[in-house]
Amino acid sequence: MASRRLKGILLLLLLPLSLFSSELDGDSAYALRALYNGAIAVIASQVNAAPVDLNGVTIEMMNEEGNEYLISFNRSDISRFKNRLSGEKGSWYQNIISGAVLSVSPLVKTALSLLEEYDYQDALLDGVIDIKFEKPIRGRDIFNILFAGNIDNLNMVMTISMLVTKKGRPPVVFEGQLTGEGDRANRLMRITTDHMTCDGRAMVIKPMEIKM
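On a predicted model such as this, the values are computed, not experimentally measured, just so you know.

**Student:** Give me helix α3 (residues 26–46): which residues, what numbers.
**Tutor:** With 21 residues, α3 should reach 30 Å at 1.5 Å per residue; the first-to-last C-alpha distance of 31 Å fits that figure. Burial analysis of α3 places 17 of its 21 residues in the buried class, the great majority of the element.

**Student:** Pulling in residues and values, what's your account of the pattern of salt bridges?
**Tutor:** Per the stated rule, a full pass over the model turns up five salt bridges. We note a salt bridge from Asp27 to Arg169, for which the minimum N-O separation is 2.7 Å. Here Asp27, found in helix α3, pairs with Arg169, found in the loop between β4 (156–166) and β5 (172–183); they are 142 residues apart in sequence, far enough to count as distant. Note on Asp27: relative accessible area 25%, which makes it partly exposed. In this structure, Arg33 and Glu117 form a salt bridge, with 3.4 Å as the shortest nitrogen-oxygen distance. Taken together, the residues span a long stretch of sequence, with Arg33 in helix α3 and Glu117 in the loop between α6 (106–115) and β3 (123–133) at a distance of 84 residues. Owing to a relative accessible area of 31%, Arg33 belongs among the partly exposed residues under this scheme. We classify Glu117 as partly exposed; its relative accessible area is 42%.

Criteria and thresholds
- Residues numbered from 1 in each chain as written.
- Predicted model: local features only at pLDDT ≥ 70, side-chain atom pairs only at ≥ 80, totals over all residues.
- Heavy atoms only, no water.
- Helix = DSSP H or I, 4+ residues; strand = E, 2+ residues; numbered from the N terminus.
- Expected span 1.5 Å × (residues − 1).
- Buried < 20%, exposed > 50% of the residue type's maximum accessible area, 1.4 Å probe, protein only.
- Salt bridge = Lys/Arg side-chain N within 4 Å of Asp/Glu carboxyl O.

This is the structure in structure tokens:
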């Protein structure tokens, strides 16, 4: 189960980094930051020695080929991610494992620091992110990507439909499609936007190169 979770969730880290836009108003910018912080937390929950479940988050493999994954959010209160990542309210075994992971995982520490600003129900996530890879991504590929920089297999298309609700404010909807291409020689992931909207308004997003 843990290896299956790893296969699709790695690319969530890249998604929010490609969306920031100076054109967004205050509420929309807050919503996008919450989406980013929540996605980082999901990454941290899976890419470590002891994967943990986060409230309202599920990850499904959509076909036997292993090249399509669906990450679903259902009224996911990102403030509650903190307890799960830090090992609170878990069994004694989970607490020990989480403590060990925290001591060696910069990503978990980063996620926890990003989540510090949120109190109960400050930001809720609903929606889905569908990830389709050009080639199947197997367990060994994930470790090659993480530790050997072999990112040639990361050619993929991500389709998002996400609603972010800030406490006391109307929800903000992000929809669109992103394309990613791995460049092993330069250890880069190139992200381009085929189409992206915020509450139905087109967002102009420049292509990005993310160092792996």
